[in-house]
Structure formats: C-alpha cells, structure tokens
Amino acid sequence: MKIVVFNGSPRMEKGNTHVMVEAFLEGAASAGAEVENVFLFRKKIRPCLGCFDCWLKTPGKCMQKDDMEGLLSLFRDADLIVFATPLYVDNVTGIMKTFMDRIIPLIEPYFEKDPQGEYRHRKRYQKIPKIAVISNCGFAEQSHFQVLNLLFKRVARNMQSELVAEIYRGAGELLKLDMPMLKPLIDAYRDVLKKAGREVAADGKLSDDTKAELDKPIVPHDMYMDGANKYWDKLLSAV
Ligand SMILES: Cc1cc2nc3c(=O)[nH]c(=O)nc-3n(C[C@H](O)[C@H](O)[C@H](O)COP(=O)(O)O)c2cc1C
C-alpha cells in the first residue's frame, strides 16, 4: 500500500500537524506501507483559474505549468492519500484549499447519480485513492472539527472515494510543548497515532478502540485553556 500525505501547514516540519503525521507514518511503515510526505508550502501551486481547460482542451491536465502536475501523479499513484492540515478559521488552510481546487482534472465534467440519487461528476480514472484526514487545532474540544468532518465526507463522495480515517486533535498546541510534565502524555498520544497508522496500513481502517483513544483529551480542557491564556499573557507582556 502506498500512502501519500499532503501537509498544508505553513509551519511544515515545525508544525503540530507534522508531529501527528510523523507518528502516523511511522506506524503505517511498520505495517509494510510505502509512505511519502509532501509539504505543500514548499511547492508552487497557483490557484485554479476556473477555465475548465482540464475538462475540455487538455482533458485530465491543467494548463498551468507549476508543481501540481507532479503532485497529481503522486495523488493518482497512491492507494491512500492523507489531507493533513491545521484548522484555520474552522477550515483547511488556504494552501490546502488551493491544492484541493487543483485536483479537479481527476474528474470528468459529466454528471451522474450516486447510489443515493444525488448527482456528482463522473470519475476520469478507475483507480481513485482512499482518503484520510489528519488535523489539529488551537482550541481544546474535538467539536471544532465539525466542518472538516463534513467537508471531507463530501469530498470523498464527490470523488467516488472513501473516507477511511479522520484523526483530529484539539489542543494541538500541546504537541510541541517542551514540558517534562507533558512528555509522557504526548508520548502516549504518539503511540496511539502509530497504532492508527498500523491499522490503516494493515486493515484499511481504524478500530473503534483506536478512534476512541484518538479523541480522548490529552489534558483536561479547562487546564489547557487556562494555560493558553497565561501563555498569551506572557507573550503579550514581552512585546
Ligand atoms: C490564521 C489562523 C487561523 C486559525 N484558526 C483556528 C480555528 O478556527 N480554530 C482553532 O481551534 N484553531 C485555529 N488556529 C490555530 C491552529 O489550528 C493551531 O495553531 C495549530 O496547532 C497549527 O498547526 P501547525 O503547527 O501544524 O501549523 C488558527 C491559526 C491561524 C494561524
């Protein structure tokens, strides 16, 4: 199984999203998956121009010459692709959205009904990778991922793919904090992420146990938010 992660955080290697991706991929690789990680911020990806040349003049190919051509072939060759993004204003980052807009060469202009009777586009290629999502956010609760949950369900439906794993982490700013008290808690969370990677690579999905473990708070919500307010106090008083 080939897994490709597209990471839309501008913080790239220094980001909290990457902490999650690294552990997930380590687990997936240990279960035999071939893994690849792409930082979208490092790529040249121009916004979609809405010209539909990729449906009309050059079917399956965008007329813009940038890094997206290579990224689309990586996308197509994968068995599973992971959209990895921090939550920005309740959604994916702008970098990730620009990338997502540019995947429409993979579908055809024609409309057809899905098994539920709702219209969608026809797919251009028989093989469509399955989809997983990895995201973290600054607020504490898992409820902040409601928009991503709906968004990626819709994206998977529209692309005739399957959303096989959603890994969301509220209080994501904890992941890179260098505090001795937190270390065992973060290490334990990383172990759950590795387990998630192993399961997705081996079984193509997450077990209910792992889903429940992934959603558990790392520290109590109020403790995290109080700490965050104190942290902002400290930063603002130093300005
Ligand atoms: C422009 C911007 C918008 C953000 N919007 C949200 C938000 O809507 N909800 C939230 O909980 N956190 C929000 N955050 C916080 C990020 O999700 C958080 O810092 C996350 O850990 C960043 O991940 P990264 O280190 O991988 O980039 C936002 C941060 C930025 C810079």
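Residues numbered from 1 in each chain as written. Predicted model: local features only at pLDDT ≥ 70, side-chain atom pairs only at ≥ 80, totals over all residues. Heavy atoms only, no water.

Chemist: An account of the environment of Arg120 is needed here, citing residue identities and associated values.
Modeler: Within the secondary structure, Arg120 sits in strand β5 (residues 119-123). Here Arg120 falls in the buried class, since its relative accessible area comes to 14%. Separated by 78 residues in sequence, Arg120 and Arg42 place their C-alpha atoms 32 Å apart. Here Arg120 is in contact with Tyr110, Phe111, Glu112, Asp114, Pro115, Arg157, Asn158 and Gln160, once residues within four sequence places are set aside. Polar contacts involving the side chain of Arg120 include one to the main-chain carbonyl oxygen of Arg157, which spans 3.0 Å. (Helix = DSSP H or I, 4+ residues; strand = E, 2+ residues; numbered from the N terminus. Buried < 20%, exposed > 50% of the residue type's maximum accessible area, 1.4 Å probe, protein only. Contact = heavy atoms within 4.5 Å. Polar contact = N/O pair within 3.5 Å; in protein donor to acceptor, adjacent residues only side chain to side chain.)

Chemist: Give a detailed account of the state of the cysteines, specifying residues and quantitative values.
Modeler: Such a bond, covalent and formed between the sulfur atoms of two cysteines, is termed a disulfide. Scanning the model with the defined rule gives zero disulfides in all. In this structure Cys48 is a free cysteine whose sulfur lies 6.6 Å from that of Cys54, the closest cysteine sulfur available. In this structure Cys48 comes out as partly exposed when scored by relative accessible area, which is 36%. With no disulfide of its own, Cys54 lies 6.2 Å from the sulfur of Cys62, the closest cysteine sulfur. (Disulfide = S-S within 2.5 Å.)

Chemist: Describe in detail the packing of aromatic side chains, supporting the description with residues and values.
Modeler: The geometry of two aromatic rings is summed up by the distance between their centres and the angle between their planes. Enumeration over the complete set of coordinates arrives at eight aromatic pairs. Over the ring of Tyr125 we find Arg76; its NZ or CZ atom is 3.4 Å from the centre of that ring. A cation sits over an aromatic face here: Arg169 above Tyr189, 5.0 Å from the ring centre. (Phe/Tyr/Trp six-rings, centres within 6.5 Å; stacked < 30°, edge-to-face > 60°. Lys NZ or Arg CZ within 6 Å of the ring centre and 35° of its normal.)

Chemist: Can you tell me about the nonpolar core, naming the residues and giving the values?
Modeler: Phe24, Val82, Ile134, Ile167, Leu174, Tyr189 and Leu214 are the most contacted members of the largest nonpolar core, which totals 35 residues. Residue assignment for this core shows that the elements contributing at least two residues are β1 (2-7), α1 (16-30), β3 (80-86), β6 (130-136), β7 (163-169) and α5 (183-203). Residue contacts for Tyr189: discarding those within four places in its chain leaves Met20, Ile167, Tyr168, Arg169, Leu175, Leu214 and Ile218. (Core = buried A, V, L, I, M, F, W, Y, C linked by side-chain atoms within 4.5 Å.)

Chemist: Describe the site of the ligand, with residues and values.
Modeler: Taken together, 15 residues surround the ligand, and among them Ser9, Thr17, Leu87, Asn136 and Glu173 come closest. The backbone of Gly138 places a nitrogen or oxygen atom 3.1 Å from a nitrogen atom of the ligand. Here the ligand has 650 Å² of accessible area as a free molecule, and 77% of this is covered by the chains. Of the residues belonging to the shell around the ligand, the class tally is six nonpolar, six polar and three charged. (Near = heavy atom within 4 Å. Areas by Shrake-Rupley, 256 points an atom, 1.4 Å probe, with all protein chains shown as cover. Nonpolar A, V, L, I, M, F, W, Y, C, P; charged D, E, K, R; others polar.)

Chemist: If you had to explain the environment of Cys62 to someone new, which residues and values would you point to?
Modeler: Note that Cys62 resides in the loop between β2 (34-39) and α2 (68-77). Expressed as a C-alpha distance, the spacing of Cys62 and Arg102, which sit 40 residues apart in the sequence, is 8.0 Å.

Chemist: Can you lay out a nonpolar patch on the surface for me, pointing to particular residues and giving the numbers?
Modeler: Among the surface-exposed residues, Tyr231, Trp232, Leu235, Leu236 and Val239 lie close enough to one another that they form a single nonpolar patch of about 610 Å² accessible area. When you line up the elements, Val239 lands in the segment after α7 (221-237). (Patch = residues over 30% accessible without salt bridge, like charges linked within 9 Å, V, L, I, M, F, W, Y side chains within 5 Å. Salt bridge = Lys/Arg side-chain N within 4 Å of Asp/Glu carboxyl O.)

Chemist: Can you break down the pattern of salt bridges residue by residue, with the values?
Modeler: Inspection of every chain in the model, using the stated rule, returns 19 salt bridges. Asp101 serves as the salt-bridge partner of Lys97, at 2.6 Å between the closest nitrogen and oxygen. You can see Lys97 and its partner Asp101 sitting in helix α3 (residues 94-101), four residues apart, about one turn around the helix. A residue is classified by how much of its surface remains accessible, and Lys97, at 40% relative accessible area, is partly exposed. Because the salt bridges share partners, they merge into one network encompassing Asp114, Glu118, Arg154 and Arg157.

Chemist: How would you sum up the packing of α5 against helix α6 (residues 208-215)? Please name residues and give values.
Modeler: One can describe the packing of α5 onto α6 by two numbers: an axis separation of 10 Å at closest approach and a directional angle of 150°. Between α5 and α6 the crossing geometry is left-handed. Contacts between α5 and α6 involve Tyr189, Val192, Leu193, Lys195, Ala196 and Glu199 from the first element and Thr210, Glu213 and Leu214 from the second. When grouped by side-chain class, the residues that make up the contact of α5 with α6 number five nonpolar, one polar and three charged. (Axes fitted to C-alpha atoms, helices over the stretch in contact; angles between N-to-C directions. Left-handed = near helix turned anticlockwise from the far one by under 90°.)

Chemist: Would you mind going over unusual backbone geometry in detail, with residue names and values included?
Modeler: Unusually for a residue other than glycine, Asp90 sits at a positive phi of about 65°. By secondary structure assignment, the location of Asp90 is in the loop between β3 and α3. Positioned with a positive phi, Ala171 is a non-glycine residue whose angle comes to about 60°. Position of Ala171 among the secondary structure elements: in the loop between β7 and α5. You can call Ala171 buried: its relative accessible area is 8%.

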